[in-house]
Amino acid sequence: MKKLTLLSCCFFLLLPLKAQAVVVNDVTGMTPVQASAVMQPESTQQVSELVKNTSGPISIAGGKYSMGGQTAINNGIQIDTQKLNHVIDFNPEKKLLTIETGATWRQVQELIDPYNLSVKIMQSYANFSIGGSLSVNVHGRYIGEGPMILSVEKFKIVLADGAIVEASPKENQDIFYGAIGGYGGLGVITEVTLRLVDNVKVKRISDVMPIAKYYPYFMQQIRSDKSAIFHNSVIYPPDFEEVRAVTFKETQEPLTILDRLRPTDQYSFEQEQKIKIVASSNLGKHLRKLYDDIDYTKQPVMWRNYEASYDVSNLQPIKSKNKSFALQEYFIPIERFEDFYPELIAILKKHQANVINISIRHANPDSGSLLAWAKTEVFAFVIYYQQDTDEQSKKQVGIWTRELIDAVLAKGGSYYLPYQLHATGEQFQRAYPQADRFFKLKAQLDPENKFNNMLLDRYHPKIIQ
């Protein structure tokens with residue numbers, strides 16, 4: 001214990017030597033923030049010392065794939081968790097992993113794959129940090145699953161006074177349900193215990209249909225299919241009339257792809273050119289479907305971990321001098337699917353949004369997080385689009401974003417918070433009705449508002465506009 005305390009003190013004493021003002025940003029390049037310093041603690045104890053000896057503000061960053069300042073605050077210290085990435089405990093027999101939250105999902109996959117285990121719930125790309133995934137309560141393409149909170153056994157969090165607290169659905173419940181999906185507002189989650197599942201072979205199956213036929217197709221053929229592991233559907237622009245439903249089903253057929261994980265660098269010049277063509281014109285968007293028609297004639301058989309190990313290099317470059325690719329996401333109760341999608345498409349067409357594709361996912365209800373986006377069983381509409389980065393273009397995106405938010409709220413749905421901060425305060429409150437409880441809990445645990453970022457600052461009830 002003495003050695004650990006000495007290391008922690010030495011770490012803190014070095015802070016003034018390392019600290020220097022720096023502009024930080026996110027993957028889109030559209031949210032530059034002037035931070036007073038970026039620090040990289042390497043243990044829970046070091047995080048505790050740093051937080052305890054900092055008056056604030058403090059933001060928390062992992063992979064920086066959020067797109068609206070969720071990992072930064074002006075003139076504050078940014079805790080970069082990249083070096084907080086050590087394995088604490090791994091029990092393959094119990095299918096439990098305890099790991100520091102700066103680790104990426106790829107690091108987890110490389111650790112557990114030799115034991116034929118797989119992550120239970122994560123997003124489609126493996127570059128993201130575990131802590132970032134916890135803070136936004138991610139979901140993926142998993143059938144029968146939902147928000148990441150459903151796979152978390154417990155975690156450790158450093159609070160504003162430096163205290164290290166363990167939280168689970170049974171212990172410190174308010175912190176557990178507040179911090180997951182809490183965007184770093186309650187403290188720094190430094191360690192987490194995750195439930196794992198078996199790695200299995202999966203076969204990719206594709207069906208194309210008019211969008212009007214997708215809802216009955218999903219309800220009858222996918223929702224109750226116990227062999228379905230991954231599922232999503234792509235709505236093709238510019239007409240938005242056809243859907244490609246892609247399902248990966250557990251199989252005992254021989255592998256056609258022998259690799260257990262995808263390569264870490266998946267950049268492809270050919271893929272880059274395809275994305276540029278799709279983004280360039282309506283003709284390019286029609287060509288996208290032709291590309292897919294060719295590719296999806298194949299029905300490859302692969303490991304679950306292989307399909308779960310995409311790298312964002314596959315999407316590079318995300319930003320250029322005057323343009324950037326970005327995401328938005330809307331959640332609709334499954335029974336309102338057919339009410340919502342025509343309005344979604346009409347708004348995008350009206351504003352001539354440069355949509356690359358819309359992906360439909362499915363998620364079961366959240367188990368109780370305060371900022372839950374899945375209050376019921378939902379479909380998620382994930383919009384991947386390109387926009388110009390000048391201020392007028394940003395304002396224009398804000399206009400159609402708020403129209404989409406109004407449309408989804410009118411039908412009992414919600415929108416996702418990791419993206420650009422276009423929603424009004426009133427829209428935020430309607431989408432997240434328990435936000436007041438979250439901010440009251442934050443006031444109890446962090447009375448000086450030490451933990452802050454652009455998202456929390458924007459929608460804090462004291463300054464909602």
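In what follows, the structure referred to is the one given above.
Sequence order sets the numbering: in each chain, residues are counted from 1 along the sequence as written. Reporting in this predicted model follows two pLDDT cut-offs: at least 70 for local features of residues, and 80 or more for side-chain atom pairs to be given and counted; totals over whole chains, interfaces and linings ignore these cut-offs and use all residues. The basis for the side-chain values is all heavy atoms of the structure; hydrogens and waters are excluded.

(A) Summary view of the pairing of strand β5 (residues 77–80). Note on exposure labels: buried denotes an accessible area under 20% of the residue type's maximum, exposed denotes more than 50%, and partly exposed covers the range between, all computed with a 1.4 Å probe on protein chains only. Only DSSP runs of H or I covering at least 4 residues are called helices, and only runs of E covering at least 2 are called strands; the numbering of each starts at the N terminus. Because side chains alternate across β5, one face comprises the buried residues Ile-77 and Ile-79, and the other comprises Gln-78 and Asp-80, equally buried. Sheet topology places strand β3 (residues 37–39) next to β5; three bridges connect them, and they run parallel. By the bridge assignment for β5, Ala-37 is matched with Ile-77. The pairing of strand β4 (residues 58–61) with β5 spans four bridges and is parallel. From the neighbouring strand, Ile-60 faces β5, where its bridge partner is Ile-79. Whether two strands pair depends on DSSP finding at least two bridges between them.

(B) The arrangement of the pattern of salt bridges in detail. Only one rule defines a salt bridge in this text: a Lys or Arg side-chain nitrogen within 4 Å of an Asp or Glu carboxyl oxygen. Here the structure, examined in full by the defined rule, presents 27 salt bridges. A salt bridge links Glu-166 to Lys-154, with the shortest nitrogen-to-oxygen separation between them at 3.9 Å. Note that Glu-166 is positioned in strand β10 (residues 164–167) and Lys-154 in strand β9 (residues 152–158), a separation of 12 residues in sequence. On the basis of relative accessibility, which here comes to 32%, the residue Lys-154 falls in the partly exposed class. One salt bridge in this structure joins Lys-156 and Glu-191, with 3.8 Å as the shortest N-O distance.

(C) Local environment of the nonpolar core. Nonpolar cores were defined as sets of buried Ala, Val, Leu, Ile, Met, Phe, Trp, Tyr and Cys residues, with membership established by side-chain atoms within 4.5 Å. Judged by nonpolar contacts, the single largest core of 121 residues is most densely connected at Ile-130, Phe-155, Tyr-214, Phe-379 and Phe-381. Here a residue-residue contact requires only that any non-hydrogen atoms of the pair lie within 4.5 Å. Beyond its immediate chain neighbours, meaning those up to four positions away, Tyr-214 contacts Met-209, His-231, Ser-233, Val-243, Ala-245, Phe-337, Ile-360 and Phe-379.

(D) Region of interest: unusual backbone geometry. At the junction of Pro-237 and Pro-238, the peptide bond is cis and its omega measures out at 5 degrees in the coordinates. Along the chain, the position of Pro-238 falls in the loop between β13 (228–235) and β14 (242–250). Here the bond from Gln-316 into Pro-317 is cis, since omega is -5 degrees, no more than 30 degrees from zero. By the element assignment, Pro-317 lies in the loop between α10 (304–307) and β16 (323–333). A positive phi angle is found at Tyr-183, which is not glycine, with a value near 55 degrees. Secondary-structure assignment places Tyr-183 in the loop between α6 (173–179) and β11 (188–198). Located in the positive-phi region is Asn-449, a residue other than glycine, with phi close to 55 degrees. Residue placement: Asn-449 occurs in the loop between α14 (435–445) and α15 (454–459). In this structure Asn-449 comes out as partly exposed when scored by relative accessible area, which is 26%.

(E) Local environment of the sheet that holds β16. Pairing within the open sheet is antiparallel, and its eight strands lie in the order β15-β12-β14-β13-β17-β18-β16-β19. Only two strands of the sheet have a single neighbouring strand rather than two, namely β15 (301–303) and β19 (414–415). Looking at chain direction, strand β12 (residues 201–210) and β15 are connected through three bridges and run antiparallel. When the sheet's bridge partners are listed, Lys-203 is paired in β15 with Val-301. Packed on one face of the sheet, helix α8 (residues 269–280) meets β16, β17 (354–363) and β18 (378–388) and runs near 105 degrees to β17. Sitting on the sheet, helix α12 (residues 391–410) touches β16, β18 and β19, and the angle it makes with β16 is about 10 degrees. The axes are straight lines fitted to the C-alpha atoms, using for helices just the contacting stretch, and the angles between their N-to-C directions are given from 0 to 180°.

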